[in-house]
Each structure stands twice: as structure tokens, then as C-alpha cells.
Amino acid sequence: FERVESEMGRLYVTQLDGRIRKCGHCSVHLAHEESLLSKAFHGRTGKAFLFSNVVNVCLGQREDRALTTGNHTVADIHCRNCNSYLGWTYEQAVPLSQKYKEGKFILEDATTVMTED
């Protein structure tokens, strides 16, 4: 989840096929529909989705946040290409009932789009 560049400064990104969620600002591919786990999440900007896997993102600093479902250690995720805020990843969930979120990713609907490629 780091910015990967060649010696010439060119950015390498992963391309996905089928129905995918893309960055709403630059259209870089982020997640395949098959890795969508839930549509029942709420982010900073409204509706959000839980994914098991994402590509082409950079992680921000880890921080503790009090979210609706309890205290969690999270890191914001940003587009590798344009650095736009996309959502966050769950690093650690304190309530046992929320452990399933660890290592998963939230992509916000307002910052991403679902398309067929």
C-alpha cells in the first residue's frame, strides 16, 4: 500500500477487470466487486462499503477512533495516483464482535464510483 515508482518516476497501478470501484477523482481502479463484503456502512461523507481487498491506495497514519461500533485503530486510505481521501482500513477493532473488520477497507460512496470495465 505504498506509492510505487520506477527509477524514471513513473507510477505503476494495478488494473482490474469487470465491475470495479474506482477513484471518483482520477478513475484509478480500487476494488473488484467480488471483494465487496457489505453495503451497510457509514463513512465521513455518508454511505460507505466494506471491502476485503483494495489496490492502488496509500495508507495514512494509524490512529484510534471512536466509531459507531466502538473504538478502533484505523488508518485513512488515499488514492495512490491523486492522493484523494477514499476511506479507511481497520487495523484493530477492540470489541470482539467487530474483529471481522480487521484488515478490511472502507471505501466511501462520495469519493468513489462503481463502473464496468
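Everything here concerns the structure above.
Residues numbered from 1 in each chain as written. Predicted model: local features only at pLDDT ≥ 70, side-chain atom pairs only at ≥ 80, totals over all residues. Heavy atoms only, no water.

A. Molecular detail of the pairing of strand β4 (residues 46–51). The element β4 is extensively covered by neighbouring structure, given that five of its six residues are classed as buried. Between the end of strand β3 (residues 36–43) and the start of β4, which pair antiparallel, lie two residues. Both β4 and strand β8 (residues 105–108) contribute to a ladder of four bridges, which runs antiparallel. When the bridges of β8 are listed, Phe 49 appears paired with Leu 107. (Buried < 20%, exposed > 50% of the residue type's maximum accessible area, 1.4 Å probe, protein only. Helix = DSSP H or I, 4+ residues; strand = E, 2+ residues; numbered from the N terminus. Pairing = 2+ DSSP bridges.)

B. Structural view of the sheet that holds strand β2 (residues 29–32). Sheet architecture is open: three strands sit in the order β2-β1-β9, paired in antiparallel fashion. Only two strands of the sheet have a single neighbouring strand rather than two, namely β2 and β9 (112–116). Averaged over all neighbouring strand pairs, the angle between strand axes comes to 35°, with direction disregarded. Relative to β9, strand β1 (residues 19–23) is paired through five bridges, and the arrangement is antiparallel. Paired with Arg 21 across the two strands is Met 114, which belongs to β9. (Axes fitted to C-alpha atoms, helices over the stretch in contact; angles between N-to-C directions.)

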